[in-house]
Amino acid sequence: MTKQTFLQGTLILILAGMITRFLGFINRIVVARLIGEEGVGLYMMALPTFFLVITLTQLGLPVAISKRIAEAEARGDKAKTKQIVIVSLVITGISSIIFSTLMILVTPFVATHLLTDQRTLYPLLAISPIIPIIAISSVLRGYFQGKQNMKPQSYAQVLEQVVRISCVALFVKLLLPFGLEYAAAGAMFSIILGELVSLIYMMRQFNRKKHMKVRKNFFSYLSTSRTTLKELFSIALPSTGSRFIASISHFLEPILVAQSLAIAGVSSTLATKQYGELTGYVLPLLFLPTFITQSLSVALVPSISEAEATKSINLIHYRIHQAIRISFASGAIATIVLTLFSIPILTYMYGSANASKFIILMAPFFILLYIQAPLQAALQALDLAKAAMWNSLIGAFCKLTVLFLLASNPSFGIMGVALAISLSVVLITLLHLGALYKAIKFSIPVLDILKMISLLLMTWGVGELLKNIYDNMHGGLLLLIGILGVFCCIYVLFLFLLRFITKEELKQIPFLQKWF
């Protein structure tokens, strides 16, 4: 099985993430154009419940599998690798059956009494069959990550998005005459088909490239798996706690938003529309650079786990520094582009710039989100998943508390929701940094902080100049794309000038090696 270096694996994941994000945005644009802000609101209100059930089903195993398989591979222990796969499949198989059944049973109550909009019943029921599919997929992803082979899951991600975008317009148009709730359910069903095709592909890759026969001595491996089970759960349970807290937070968020805005005197229809703008239009744009940070995080866990197994403390520090540097570089350009060009971007993408006020408020805070994922991955790889869980709990509690206090105040309304989300991002990132410093004395050097500030100031100055050119020329879509292209080229020069990207790192990329 092909193994990549940290940067090679990261690059593969980034390229796949870039493609899937682009296809995902096309999917969102199609859905938004077909069912409008209210339909997107129904779709987005149903998603947190789905994410919560998926979190409970996976039990945090993908990260645990990746870490433990990376350690087993470093020792050359093939039997341990097989045992990890078997135990993980059994756990996720049982949990998926339990939680699929529970989701179907509690969906009517959730839709009617918690989400306060009975129309969310159909999207919730439509998505429930996906749970066992994602459960098995998560085990296979963890296996390939632990092997430090990022190609299968990358190809599967792209394939999943292609299938989804191919089906979403068909199902939405087919069901739209029956009502917005049925159209939202059709959009959910396209997700199931995409995940199913993705799972089939990964299973084929697993069968082709595995060096084990899972069914051979299956029960023998299972009966002696107590130690393996403990090792997996020592990472999985705190990781589940972190994801569970995030999912509970996302689950409660639309409920609190609806209730708080009702107290502030906002009607249910308007609240759904405003929440659809924030979560359906703005947050996807703000989360756009996270395909890079998530890619770094996925590759970081097995890399740090391997370094920890060999007691290479300096390598651990270097990998975390490297991940933060690259993550910040990807987030800084997105922050400034979205802040300066929010109105034309929203107008061309969604046909409305009403949500620009959210972007201008939230983008400066979200620059810390882009280094949050690598920090959490580092904590998990160092067996500090429990610290990450507590940080997530504190951040979620503060977010929900501030959300209710501000959103229920007519002076803030929906802007209070945006402020609460931003506060949570900043708080969790700072807590992660504190946990790493306490554990391994890791901190971001003052020189790096000065370089980050310099990068932001230089980029903002150029961005302001280009924005004035765009406004003065009264340009259209082609001019906007051209200006953003020039902006990105200048930004890359800034990255080399400030050494956010080094020659040593470029040498590790195969098709660039001959140039350095």
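Fair warning: this is a prediction, and the values are worked out from it, not measured in the lab.

Novice: Even after reading the chapter, I still don't get the overall build of the protein, so can you show me in this structure?
Specialist: For the protein, the helix and strand inventory stands at 20 helices and zero strands. Since a compact globule built from 516 residues should have a radius of gyration of about 24 Å, the 23 Å found for the protein is in line with a globular shape. Relative to its 516 residues, the protein shows a buried fraction of 55%. Carbon and sulfur atoms make up 69% of the accessible area of the protein, which amounts to about 21,900 Å² in all. In the protein, 41 positive and 20 negative side-chain charges are present, and the distance between their average locations comes to 9 Å.

Novice: What should I look at first to understand the nonpolar core in this one?
Specialist: Across soluble globular proteins, you tend to see nonpolar side chains buried next to one another. Leu278, Ile320, Phe341, Met362, Phe366 and Leu455 are the most contacted members of the largest nonpolar core, which totals 142 residues. Per-element tally for this core: the top contributor is helix H1 (residues 6–58), with 19 residues. The contacts of Leu455, once residues within four sequence positions are left out, are Phe328, Ala332, Tyr491, Phe494, Leu495, Leu498 and Phe500.

Novice: Help me understand the packing of aromatic side chains in this model?
Specialist: One pair of aromatic rings is described through two measures. These are the centre distance and the angle between the planes. One pass over the structure, following the stated rule, counts nine aromatic pairs. Aromatic side chains Phe341 and Tyr470 sit 6.4 Å apart centroid to centroid with 75° between the ring planes, which places their arrangement in the edge-to-face category. Residue Phe341 is located in the loop between helix H12 (313–340) and helix H13 (342–350), and its partner Tyr470 is located in helix H18 (residues 446–473); the two are separated by 129 residues in the primary sequence. Here Phe341 and Tyr470 have matching classes, each one buried. Aromatic ring contacts, followed pair by pair, group Tyr122, Phe178 and Tyr182 into a single cluster. The positively charged end of Lys357 is found above the aromatic ring belonging to Phe358, 4.6 Å away from the centroid.

Novice: Help me understand a nonpolar patch on the surface in this model?
Specialist: On the surface, a cluster of nonpolar side chains totalling about 460 Å² of accessible area is made up of Ile94, Ile98, Leu102, Leu105 and Val106. With respect to the element layout, Ile94 can be found in helix H3 (residues 78–114).

Novice: How should I be thinking about unusual backbone geometry in this particular structure?
Specialist: A negative phi angle is the norm for most residues apart from glycine, just as the trans form is the norm for most peptide bonds. Look at Gln148: it is not a glycine, yet its phi comes out positive at around 55°. As for its placement among the helices and strands, Gln148 is situated in the loop between helix H5 (131–146) and helix H6 (151–175).

Novice: Can you walk me through the side chain of Thr92 in this structure?
Specialist: Tracing the sequence through the fold places Thr92 in helix H3. Under the relative-accessibility criterion, Thr92 is labelled buried at 0%. Beyond its immediate sequence surroundings of up to four residues, Thr92 is in contact with Thr57, Gln58, Leu61, Ala135, Ser138 and Val139.

Novice: Just to check I follow, could you spell out helix H15 (residues 369–381) for this structure?
Specialist: Along its 13 residues, H15 runs 19 Å from first to last C-alpha, staying within 8% of the 18 Å computed at 1.5 Å per residue. Of all 13 residues making up H15, 13 are buried, and the element is well covered by its neighbours. The positive-phi residue at the C-terminal boundary of H15 is Asp383, with phi of around 60°.

Novice: Explain the confidence of the model for the protein to me, please; I cannot follow it from the model alone.
Specialist: As a general rule, the predicted coordinates of low-pLDDT regions are not to be interpreted in detail. Considering every residue of the protein, the mean pLDDT works out to 84; 94% of them sit at 70 or more. Predicted confidence in the protein is weakest over helix H8 (residues 218–223), with a mean pLDDT of 65, and strongest over helix H17 (residues 414–440), with 92.

Novice: Before we go on, may I ask you to explain the pattern of salt bridges in this structure?
Specialist: Once the charged atoms of two side chains with opposite charge are near each other, the side chains can pair. In total, this model carries 10 salt bridges according to the counting rule given. Of the charged contacts, one joins Glu73 and Lys78 as a salt bridge, the two residues approaching to 3.4 Å between their closest N and O atoms. Here Lys78 falls in the partly exposed class, since its relative accessible area comes to 46%. Here Asp471 makes a salt bridge to Lys467, at a shortest N to O gap of 2.8 Å. Here the residue Asp471 and the residue Lys467 both occupy positions in helix H18, the gap between them amounting to four residues, near one helical turn. Overlapping salt bridges bring together Lys67, Arg68, Glu71, Glu308 and Asp383 as one network.

Novice: Quick question: what am I supposed to make of the environment of Ser234 here?
Specialist: In this fold, Ser234 is placed in helix H9 (residues 226–263). Along the primary structure Ser234 and Cys398 are separated by 164 residues, whereas in three dimensions their C-alpha atoms are 27 Å apart. Looking at Ser234, its side chain comes within polar contact range of the side chain of Arg68, at 2.8 Å.

Rules behind the numbers
Residues numbered from 1 in each chain as written. Predicted model: local features only at pLDDT ≥ 70, side-chain atom pairs only at ≥ 80, totals over all residues. Heavy atoms only, no water. Helix = DSSP H or I, 4+ residues; strand = E, 2+ residues; numbered from the N terminus. Rg over C-alpha atoms; globule rule 2.2 N^0.38 Å. Buried < 20%, exposed > 50% of the residue type's maximum accessible area, 1.4 Å probe, protein only. Areas by Shrake-Rupley, 256 points an atom, 1.4 Å probe, with all protein chains shown as cover. Lys, Arg positive; Asp, Glu negative; His and termini not counted. Charge placed at Lys NZ, Arg CZ, Asp CG, Glu CD. Core = buried A, V, L, I, M, F, W, Y, C linked by side-chain atoms within 4.5 Å. Contact = heavy atoms within 4.5 Å. Phe/Tyr/Trp six-rings, centres within 6.5 Å; stacked < 30°, edge-to-face > 60°. Lys NZ or Arg CZ within 6 Å of the ring centre and 35° of its normal. Patch = residues over 30% accessible without salt bridge, like charges linked within 9 Å, V, L, I, M, F, W, Y side chains within 5 Å. Salt bridge = Lys/Arg side-chain N within 4 Å of Asp/Glu carboxyl O. Expected span 1.5 Å × (residues − 1). pLDDT = per-residue confidence, 0-100. Polar contact = N/O pair within 3.5 Å; in protein donor to acceptor, adjacent residues only side chain to side chain.

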